[in-house]
Amino acid sequence: MCGIFGFAEVDGRDSTLERMANSLIHRGPDSVGYMRRPKVSMGARRLSIIDIEGGDQPASNEDGSVLVCQNGEIYNHVELREELQALGHCFSSRSDTEVLAHAYEEWGDDFVSRLNGMYAFAVWDETRRRLFIARDRCGQKPLYYWTDGRRLVFASEIKALFCCPKVPRVPCRRAIDSYLELRYIPEPTTMFDDIVTLPAAHRMVWQEGAAGCNMTAPVRYWSVPVADDPPRADPEEGLGDLLDDAVRIALRSDVEVGSYLSGGIDSSLLVASMRQVQEKVHTFSIGFGAPTDETRLAAETARLLGTQHHEIICSPADLIEALPKVVWHMDRPVGDALTMAFYRLAQEARREVKVVLSGEGADELFSGYPFHRAILAIESLRKRFPNWFVHTVIPRILETVPLCVLDRMSGLPSSLGASGRSRVARYFRDYPKMDLWHRSIGLRTLFDTHERQSLYAKGNSFGKGHMLDPFGIHEIEAPPHPELLDRLLALLWQEWLQDWAILRQDKNSMAHGLEIRLPFLDHRLIEQAFQIGSERKMVGKRDKIVLRELAAERLPRIIASREKIPFHLPIEHFCENPALRAMIRDNLSTERVRQRGYFDPRVVDDLVRRMDGRDFLAVKKVMALVILELWHRIFIDGESL
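Parameters and conventions
Residues numbered from 1 in each chain as written. Predicted model: local features only at pLDDT ≥ 70, side-chain atom pairs only at ≥ 80, totals over all residues. Heavy atoms only, no water. Patch = residues over 30% accessible without salt bridge, like charges linked within 9 Å, V, L, I, M, F, W, Y side chains within 5 Å. Areas by Shrake-Rupley, 256 points an atom, 1.4 Å probe, with all protein chains shown as cover. Salt bridge = Lys/Arg side-chain N within 4 Å of Asp/Glu carboxyl O. Lys, Arg positive; Asp, Glu negative; His and termini not counted. Charge placed at Lys NZ, Arg CZ, Asp CG, Glu CD. Helix = DSSP H or I, 4+ residues; strand = E, 2+ residues; numbered from the N terminus. Phe/Tyr/Trp six-rings, centres within 6.5 Å; stacked < 30°, edge-to-face > 60°. Buried < 20%, exposed > 50% of the residue type's maximum accessible area, 1.4 Å probe, protein only. Lys NZ or Arg CZ within 6 Å of the ring centre and 35° of its normal. Disulfide = S-S within 2.5 Å. Contact = heavy atoms within 4.5 Å. Polar contact = N/O pair within 3.5 Å; in protein donor to acceptor, adjacent residues only side chain to side chain. Axes fitted to C-alpha atoms, helices over the stretch in contact; angles between N-to-C directions. Parallel < 35°, antiparallel > 145°, perpendicular 65-115°, else oblique. Left-handed = near helix turned anticlockwise from the far one by under 90°. Nonpolar A, V, L, I, M, F, W, Y, C, P; charged D, E, K, R; others polar. Pairing = 2+ DSSP bridges. Right-handed = clockwise from strand over helix to strand, strands pointing away.

Engineer: Is there a simple way to think about a negative patch on the surface in this case?
Structural biologist: Judged by side-chain charge, Glu62, Asp63, Glu105 and Glu106 come together as a negatively charged surface patch. Mapped onto the fold, Glu62 is located in the loop between β4 (59-60) and β5 (66-74).

Engineer: Hey, could you run me through the packing of aromatic side chains in this one?
Structural biologist: Geometry of an aromatic ring pair is reported as the spacing of the ring centres plus the angle between the planes. In this structure the tally under the stated criterion is 22 aromatic pairs. Between Tyr104 and Phe132, the aromatic rings sit 6.0 Å apart at their centres with planes inclined by 40°, giving tilted as the arrangement. Residue Tyr104 is found in helix α3 (residues 96-107), and its partner Phe132 is found in strand β7 (residues 130-135); the two are separated by 28 residues along the sequence. Across this residue pair, the class does not change: Tyr104 and Phe132 are buried. Aromatic side chains Trp388 and Phe389 sit 6.1 Å apart centroid to centroid with 90° between the ring planes, which places their arrangement in the edge-to-face category. With relative accessibility at 57%, the residue Trp388 sits in the exposed group. Of the aromatic side chains, those joined through ring pairs into one cluster are Tyr104, Phe111, Tyr119, Phe121 and Phe132. The ring of Trp107 carries the charged tip of Arg114 above its face, separated from the ring centre by 3.8 Å.

Engineer: Looking at this structure, how should I read the state of the cysteines?
Structural biologist: Simply put, the disulfide is a covalent bond whose two ends are the sulfur atoms of two cysteines. Tallied over the full model, the rule gives zero disulfides. Take Cys164: it sits in no disulfide, and the sulfur closest to it among the cysteines is that of Cys163, at 8.9 Å. Relative accessible area serves as the criterion here: at 1%, Cys164 is assigned to the buried category.

Engineer: Explain helix α5 (residues 175-182) here, please?
Structural biologist: Side chains of residues three or four places apart in an α-helix project in the same direction, reflecting 3.6 residues per turn. With eight of eight residues buried, α5 is to be regarded as a mostly interior element. Within the sequence span of α5, burial applies to Ala175, Ile176, Asp177, Ser178, Tyr179, Leu180, Glu181 and Leu182. On its buried face, α5 is in contact with α16 (436-442), α17 (449-455) and α26 (616-636). Phi for Arg183, located one or two positions after α5, is positive at around 80°.

Engineer: Sorry, what's going on with the side chain of Lys537 here?
Structural biologist: Along the chain, Lys537 turns up in the loop between α19 (523-529) and α20 (545-554). Accessibility expressed as a relative area gives 0% for Lys537, which makes it buried. Here the side chain of Lys537 touches Asp486 through a polar contact of 2.9 Å, side chain to side chain. Among the polar contacts listed, one links the side chain of Lys537 to the backbone oxygen of Ile532, at a separation of 3.2 Å.

Engineer: Would you mind going over the environment of Phe371 with me for this structure?
Structural biologist: Structurally, Phe371 is set in helix α12 (residues 370-384). A residue is classified by how much of its surface remains accessible, and Phe371, at 11% relative accessible area, is buried. As a C-alpha pair, Phe371 and Val167 span 204 residues in sequence and 40 Å in three-dimensional space. Excluding residues within four positions of it along the chain, Phe371 makes contact with Ser440, Leu443, Arg444, Leu492 and Trp496.

Engineer: How should the packing of helix α7 (residues 265-275) against α20 be read in this particular structure?
Structural biologist: The geometry of a pair of packed helices is captured by two quantities: the angle between their axes and the separation between those axes. Where α7 meets α20, the axes come as close as 10 Å, and the angle between the chain directions of the two elements is 45°. Of the possible angle classes, the one that applies to α7 and α20 is oblique. As α7 packs across α20, the resulting crossing turns out to be left-handed. Seen from α7, the contacting residues are Ile265, Asp266, Leu269 and Ser273; seen from α20, they are Leu547, Arg548, Leu550, Ala551 and Arg554. For the contact of α7 with α20, a count of residues per class yields five nonpolar, one polar and three charged.

Engineer: Can you help me understand the pairing of strand β15 (residues 282-287) in this one?
Structural biologist: Residues in a regular strand project their side chains so that they alternate between the two faces of the sheet. Counting buried residues in β15 gives six out of six residues, a clear majority hidden from the surface. Of the pairings in the sheet, the one linking strand β14 (residues 257-260) to β15 comprises two bridges and is parallel in character. Within β15, the residue paired with Tyr260 across the bridge is Phe284. Direction of pairing for β15 relative to strand β16 (residues 308-313): parallel, over a ladder of six bridges. Looking at β16, one finds that Gly287 is bridged to Ile313. Following the chain from β15 across helix α8 (residues 295-305) to the adjacent parallel β16, one finds a crossover that is right-handed.

Engineer: I would appreciate a short explanation of the pattern of salt bridges in the present structure.
Structural biologist: In a structure, side chains of opposite charge can pair up when their charged atoms sit close to one another. Enumeration according to the criterion identifies 65 salt bridges in this entry. Lys544 is paired through a salt bridge with Asp266; the nearest N and O atoms lie 2.9 Å apart. With a gap of 278 residues between them, Lys544 in the loop between α19 and α20 and Asp266 in helix α7 connect regions that are remote in the sequence. Here Lys544 falls in the buried class, since its relative accessible area comes to 3%. For Arg609, the salt bridge is made with Asp606, and the minimal N-O distance between the two is 3.7 Å. With a gap of three residues between them, Arg609 and Asp606 both fall in helix α25 (residues 601-611), about one helical turn apart. We classify Asp606 as partly exposed; its relative accessible area is 32%. Through salt bridges with shared partners, one network takes in Arg27, Lys141, Glu157, Lys159, Asp331, Asp506 and Lys507.

Engineer: Would you take a moment to explain the sheet that holds strand β9 (residues 152-155) for this structure?
Structural biologist: The strands making up a sheet associate through hydrogen bonds between their backbones, and the pairing can be parallel or antiparallel. Here six strands make up an open sheet; going across it, the order is β2-β3-β1-β9-β8-β10 and the pairing antiparallel. On the outer flanks of this sheet lie β2 (31-36) and β10 (195-197), each paired with one strand and no other. For this sheet, the mean inter-axis angle between neighbouring strands, taken without regard to orientation, is 15°. Bridge count for strand β8 (residues 144-147) against β10 is three bridges, and the pairing is antiparallel. Among the inter-strand pairings, Tyr145 is bridged to a residue of β10, identified as Val196. Contacting β1 (2-8), β2, β3 (40-46) and β9, helix α1 (residues 16-23) crosses the sheet at an angle of about 155° to β1.

Engineer: Help me understand the sheet that holds strand β18 (residues 515-517) in this model?
Structural biologist: Taken in spatial order, the five strands of this open sheet run β16-β15-β14-β17-β18, and their pairing is parallel. This sheet does not close on itself; its edge strands, each paired only once, are β16 and β18. Ignoring strand direction, the axes of neighbouring strands in this sheet form an average angle of 30°. Most of the contacts of α8 go to β16, to which it runs at about 170°, and overall it touches β15 and β16.

Engineer: Would you mind going over the pairing of β9 with me for this structure?
Structural biologist: Here β9 shows no split at all, with Leu152 and Phe154 on one side and Val153 and Ala155 on the other all buried. Examined bridge by bridge, β1 and β9 share four bridges and lie antiparallel to one another. For Phe7, the partnering residue across the bridge sits in β9 and is Val153. Direction of pairing for β8 relative to β9: antiparallel, over a ladder of four bridges. Across the sheet, residue Trp146 finds its bridge partner in β9, namely Val153. Hairpin connection, β8 to β9: the antiparallel pair is bridged by four residues, and Gly149 has positive phi, about 95°.

Encoded structure:
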């Protein structure tokens with residue numbers, strides 16, 4: 001795990017490369033290495049995990065004609081090294097990064113299809129005078145870049161790009177609409193004009209030539225697979241063995257590996273697999289002193305699985321202290337104060353271990369989200385009843401039924417509140433007008449179209465447009481999967497996973513020099529999971545059916561039978577804290593909102609007032625606006641918070 005950085009066709013005779021390295025020291029505090037050529041320079045900050053003494057970067061092939069800087073881990077580096085040695089390649093280290101240099105030399109650009117791991121790397125080919133850059137299939141490791149078609153600057157974090165004077169620091173105003181709608185900005189867009197991400201499962205090339213230097217457009221090399229037609233005889237065969245193997249290779253390390261542990265089956269299955277390989281396992285869970293915490297269940301699971309368990313409890317003071325730091329490390333606003341919990345969890349885990357496993361990806365593979373259940377339920381109603389009943393009568397019922405009834409039906413850890421009830425009723429009414437993408441985000445949208453347009457200050461135009469997605473910066477087509485549930489899951493893999501779930505883990509773990517590995521994102525597991533029929537994933541109130549059956553075979557019954565408890569920050573209770581309320585008032589004061597110029601101060605003031613009544617959606621919206629303002633203060637105004 002590292003931070004990489006570099007540039008091409010940019011004057012680097014000053015200390016630009018060193019400044020980029022210093023900005024990423026948290027990602028790789030153990031060492032730093034550089035490569036300088038007349039047209040191309042690059043480097044890496046290293047967090048030493050594999051071949052601690054001999055694995056510094058850049059790594060090269062035998063004659064130094066291919067050099068590589070990598071952020072991440074290649075889990076199957078052992079097997080690839082053996083194959084390359086059989087083909088005559090000689091290695092000078094045991095590092096996984098050196099394997100990349102030889103693999104590129106042997107197989108060319110397509111070598112990325114042989115990799116199993118999490119990675120973002122740059123390969124300098126001295127002979128062909130080209131820079132080859134790639135990112136892993138799921139986007140577990142970030143990579144940002146700026147280019148004008150001739151010059152290129154790239155890095156693991158945006159803050160490193162700004163160490164190069166050529167890179168402009170201009171906020172992307174149109175991305176604000178995406179942020180308010182989704183709480184994140186889908187790739188490749190960022191919150192800065194002209195700075196983009198290399199999308200997951202893509203590669204690109206910068207080429208030096210006689211006629212000048214140029215960039216190729218990113219090329220996709222892998223997609224979430226469509227189920228076989230005809231289907232496999234037994235698509236679930238060997239699933240447990242494959243999970244074990246994904247865990248086994250993810251445990252390859254020269255330092256101790258621990259695991260995050262909630263009370264659910266995903267992380268419990270990972271730890272059970274770990275216990276087959278490691279005698280001692282450190283596990284870590286986090287809570288907030290609230291009734292909905294998973295800490296009690298996690299402690300019970302740790303006892304049953306025989307781990308050395310550590311529990312972290314967060315307070316409002318932790319949120320106040322950590323939130324500005326989280327915003328700085330994230331590079332972009334992510335509109336959920338829960339990100340603070342990932343920061344604190346990683347901070348404490350790093351005291352014991354240098355690497356942890358986590359269960360991200362299981363919900364996206366096997367369908368563990370309640371909004372999918374809601375869509376399937378609506379589709380079932382549309383088959384049984386006339387559309388006028390589903391989309392006219394049912395919304396009226398929802399608007400009058402007692403909130404306590406809706407709360408029991410929602411499965412959320414907090415009350416929907418009046419605004420949440422209105423949102424659900426409106427979703428039912430608008431459902432026929434929406435395509436699959438907008439149906440998939442409709443129940444998790446933070447500010448819907450009407451709310452966003454009401455929020456914008458008079459004269460702002462970046463929120464005007466059609467019902468959703470006015471600028472088309474995150475238009476996503478429905479994947480070609482034959483089953484509805486698989487189409488919904490595949491949509492998650494195109495944006496939600498890397499822009500929401502994974503990003504929070506990478507940036508907050510690397511803030512403390514902690515490497516996080518996600519075995520459920522092994523591409524072999526992904527490819528098998530998408531062969532399994534939807535009836536084995538979600539039916540009625542049952543979710544992750546095939547995974548739960550595997551858990552029933554491997555875990556104590558009390559663990560395997562647990563229902564999913566959403567990981568939830570009780571922010572509506574935290575906001576009663578006077579210091580946190582002062583932080584909110586400071587960032588959303590009438591004067592500050594007016595000076596920023598994006599939003600109508602009266603609408604923001606009304607949201608803050610509604611927060612007093614513990615309106616769940618109002619509190620979430622207020623905190624999202626606070627995070628956006630913190631981002632502006634740090635990255636645009638240059639404040640040290």
